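These are the residues of each chain, in order.
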Amino acid sequence: MITSADLEEKFKSGRKVLTSEGKTPGRIGFIHCVGSRDEKVGNLYCSKVCCVTGVKQAIELKEMFPSSEVFNFYMDLRMFDRHFEELYYEAQQKWGVSFIRGRLSECSENPDGSIILKTEDTLTGKPLKMTVDLLVLLSGFVPSGGTRGISKRGCIPCRGA
Ligand code: SF4
């Protein structure tokens, strides 16, 4: 299990993207809204960039591993800014990335390092159980201490501060 920041670092440095067992991932899952829009962690705001990051990284993994299956689990997709909606269509139509609307309810690791996901497909209303080789968490953003300080002085309104 890695975060989208870890994955981006691998892309940038040219390091191989492998499973925890050092294998090429055959099935990859992305979980949207990790740490954002979640009352339990106290962050109700949308981080705004993780949906497009998830779509971009899903395409990059399909380019890297054409025979892999890639699934994005989302609550609702928020593709802010121009041309991002087109990227979402490209991910589905050109690259075969699957988008499943559903919030993850449970996640556990098998002895071989693969990960079991339990969720509900909220479009069909059916529970879903799936095993993936690599799980990418689209973690949200929180303001830094400095940003919080500036916000508290009233200069810039800041969510999460
Ligand atoms: S994953 Fe999408 S909907 Fe969720 S917080 Fe990030 S941008 Fe917002």
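Structure shown above.
Residues numbered from 1 in each chain as written. Predicted model: local features only at pLDDT ≥ 70, side-chain atom pairs only at ≥ 80, totals over all residues. Heavy atoms only, no water.

Let us look at the side chain of asparagine 72. With respect to the secondary-structure elements, asparagine 72 resides in strand 3 (residues 69-74). Accessibility expressed as a relative area gives 0% for asparagine 72, which makes it buried. A polar contact of 3.1 Å, which involves the side chain of asparagine 72, links it to the side chain of histidine 32. In contact with asparagine 72, other than residues within four places in its own chain, are Phe30, His32, Gly54, Val55, Ala58, Val97, Ser98, Phe99 and Ile100. (Helix = DSSP H or I, 4+ residues; strand = E, 2+ residues; numbered from the N terminus. Buried < 20%, exposed > 50% of the residue type's maximum accessible area, 1.4 Å probe, protein only. Polar contact = N/O pair within 3.5 Å; in protein donor to acceptor, adjacent residues only side chain to side chain. Contact = heavy atoms within 4.5 Å.)

Spatially, the three strands line up as an open sheet ordered 5-6-7, and their pairing is antiparallel. One side of each edge strand has no neighbouring strand; the edge strands of this open sheet are strand 5 (104-109) and strand 7 (126-132). Averaged over all neighbouring strand pairs, the angle between strand axes comes to 20°, with direction disregarded. Sheet topology places strand 6 (residues 115-121) next to strand 7; seven bridges connect them, and they run antiparallel. (Pairing = 2+ DSSP bridges. Axes fitted to C-alpha atoms, helices over the stretch in contact; angles between N-to-C directions.)

This model, assessed by the stated rule, comprises one cavity of 30 Å³ or more. Volume-wise, the largest cavity comes out at about 60 Å³. Around the largest cavity, the lining residues are Cys33, Ser36, Arg37, Cys46, Ser47, Lys48, Val49, Cys50, Cys51 and Arg78. Across the lining of the largest cavity, the residue classes tally to five nonpolar, two polar and three charged. (1 Å grid on protein atoms, 1.4 Å probe; cavity = no way out; pocket = protein on both sides within 12 Å on 5 of 7 lines; lining within 4 Å. Points joined across faces, edges and corners; volume = space filled by probe spheres on them. Nonpolar A, V, L, I, M, F, W, Y, C, P; charged D, E, K, R; others polar.)

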